[in-house]
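As a plain string of letters, each chain reads:
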Amino acid sequence: MTAIATAFRALAATAAALLTVTVTAPVAQAEPEPKAPPEFVPLHSVDPTIIQEMRYPTAHDFMGEPVDGYRQPLCILTRPAAEALHSAQLRLLRQGYSLKVYDCYRPQRAVDHFVRWAKDLDDETMKGEFYPRVDKSRLFADGYIAEKSGHSRGSTVDLTLVRLPALPTRPYRPGERLVPCYAPQADRFPDNSVDMGTGFDCFDTLSHTDDPRVQGVQRANRQFLKKTLTEAGFVNLAEEWWHYTFKPEAFPDTYFDFPVARRSVAGH
C-alpha cells in the first residue's frame, strides 16, 4: 500500500506540474497581415474615373478560380505609377476614351498560386479560352508563368482602352462554354474594351504587341494605347499588349506580399 500511495502522489504532482505549464504557457498569436508601405495607394484615390475590372478576385481567369491574396477587387499601385495613369487618363478622356485596369499590384502569394496551378498538368479547366494552342507543360518554358512577377513590385499594371460611354459587361458564369481568346471580338467573352485582337491574359503569340498578323483597327488600338502610356512614362512588355510598367520603379528590387485589400492601404 505504501508503494501504491507513493505512486499516486507522484502522478498527482506530475499532473499538477503539467497543469501549471498549460495555464501559464503563452497563447500563440496569429501573425499580423503585412500592410503596404506608404508609397502604395488605391488607384481610385488618385483617379476615380479609371474603370476597374479586376479579374483575379473572380473565377474568370486562366485558372478558373479566385487567386490567393485578392481580398477585394481593388487596384493598388505605387503613387508615381497611379499619378502617371491619371495623367494618361486625362488625355484619353478628352478623346472619348477611358483606361480600364485588369490587374495592378499582385502579391507574391498570388504568383505562388499561379506556379502551383501551372505544375498541376491535370487542371485544364480554362484551357479552351486562355491557352487553347499552348500545351500546359510549356507554360514555364514559354514564359507565360514565372516564379516572380514585376506586378509584385507595385508599378506594373495590366490594362486596356474603353470607348466612352462605357457599356456594361456581364459577369462570367463558371462552366459556360469557352471561346478562344484570339477569336473575333464578337465571338469571344464579352468585354467593353476596344478590339485589341485578343482578350486579356491570352497565352498566345498573337498577344505580342507588335505581332505582324494583327493589323487594321486592332493594331491601331494597340499602338494608340502604347503611345499614350509611353508618353506618360510607362514601358510595354513586348509579349503582352496589356502589360505596362512605370519607370523608374519605386521598388525595383522588392517583391511585396501584402494582400490586395482596402485595409492594406488604409490611410494612404
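Residues numbered from 1 in each chain as written. Predicted model: local features only at pLDDT ≥ 70, side-chain atom pairs only at ≥ 80, totals over all residues. Heavy atoms only, no water.

**With respect to the layout of surface pockets**
Of the pockets and cavities examined, the largest pocket occupies roughly 440 Å³. Its residues assigned to classes, the lining of the largest pocket comprises 10 nonpolar, eight polar and eight charged. What the second largest pocket holds in volume is close to 150 Å³. Forming the boundary of the second largest pocket are Glu-53, Met-54, Arg-55, Thr-58, Ala-59, His-60, Thr-169, Arg-170, Pro-171, Tyr-172, Phe-189 and Pro-190. Tallied by class, the residues present in the lining of the second largest pocket amount to six nonpolar, three polar and three charged. (1 Å grid on protein atoms, 1.4 Å probe; cavity = no way out; pocket = protein on both sides within 12 Å on 5 of 7 lines; lining within 4 Å. Points joined across faces, edges and corners; volume = space filled by probe spheres on them. Nonpolar A, V, L, I, M, F, W, Y, C, P; charged D, E, K, R; others polar.)

**Quick look at the pairing of strand E7 (residues 243-246)**
What you see with E7 is no split at all: His-243 and Thr-245 on one side and Tyr-244 and Phe-246 on the other are buried throughout. Here strand E5 (residues 156-163) runs beside E7; their pairing, made up of three bridges, is antiparallel. When the bridges of E7 are listed, Val-157 appears paired with Tyr-244. Where strand E6 (residues 234-236) and E7 come together, three bridges link them in antiparallel fashion. For Phe-234, the partnering residue across the bridge sits in E7 and is Phe-246. (Buried < 20%, exposed > 50% of the residue type's maximum accessible area, 1.4 Å probe, protein only. Helix = DSSP H or I, 4+ residues; strand = E, 2+ residues; numbered from the N terminus. Pairing = 2+ DSSP bridges.)

**A look at the side chain of Ser-264**
With respect to the helices and strands, the residue Ser-264 is situated in the segment after E7. By relative accessible area, Ser-264 is classed as buried at 1%. Sequence-distant contacts of Ser-264, that is, excluding residues within four places in its chain, are made with Pro-34, Lys-35, Ala-36, Phe-258 and Pro-259. (Contact = heavy atoms within 4.5 Å.)

**Considering empty space enclosed by the protein**
Applying the stated criterion across every chain, the model contains one cavity of 30 Å³ or more. If you add up the space inside the largest cavity, you get close to 170 Å³. For the largest cavity, the lining is made up of 19 residues, of which Arg-188, Phe-189, Asp-191, Gly-199 and Phe-200 are closest to its centre. Its residues assigned to classes, the lining of the largest cavity shows 10 nonpolar, five polar and four charged.

**Some details on the state of the cysteines**
What the rule picks out here adds up to two disulfides. Between the sulfur atoms of Cys-75 and its disulfide partner Cys-104 the distance amounts to 2.0 Å. Across the S-S bond of Cys-75 and Cys-104 the torsion is about -100°, and the bridge reads as left-handed. A residue pair is termed long-range when its members are at least 10 positions apart, and Cys-75 in the loop between strand E2 (51-52) and strand E3 (76-78) and Cys-104 in the loop between strand E4 (97-103) and helix H4 (108-119) qualify at 29 residues. For the pair formed by Cys-75 and Cys-104, the shared burial category is buried. Across the disulfide from Cys-181 sits Cys-202; the S-S distance is 2.0 Å. Between Cys-181 and Cys-202, the disulfide has an S-S torsion of 60° and is therefore right-handed. Linking Cys-181 in the loop between E5 and helix H6 (216-231) with Cys-202 in the loop between E5 and H6, this pair joins segments that are 21 residues apart in sequence. Summarising the burial analysis for this pair, Cys-181 and Cys-202 share the class buried. (Disulfide = S-S within 2.5 Å.)

**Some words on the packing of aromatic side chains**
Enumeration over the complete set of coordinates arrives at 23 aromatic pairs. Between Tyr-105 and Phe-258, the aromatic rings sit 4.1 Å apart at their centres with planes inclined by 15°, giving stacked as the arrangement. Of this pair, Tyr-105 sits in the loop between E4 and H4 while Phe-258 is found in the segment after E7, placing the two residues 153 residues apart along the sequence. Judged on exposure class, the residue Tyr-105 and its partner Phe-258 are both buried. Seen in terms of ring centroids, Phe-200 and Trp-242 are 5.6 Å apart; in terms of plane orientation they differ by 80°. Their pairing is edge-to-face. Of the two residues, Phe-200 is situated in the loop between E5 and H6 and Trp-242 in the loop between E6 and E7; the sequence distance between them amounts to 42 residues. Considered together, Phe-200 and Trp-242 belong to a single accessibility category, that of buried residues. Of the aromatic side chains, those joined through ring pairs into one cluster are Tyr-56, Phe-62, Tyr-70, Tyr-102, Phe-114, Trp-117, Tyr-131, Tyr-144, Phe-200, Phe-203, Trp-241 and Trp-242. (Phe/Tyr/Trp six-rings, centres within 6.5 Å; stacked < 30°, edge-to-face > 60°.)

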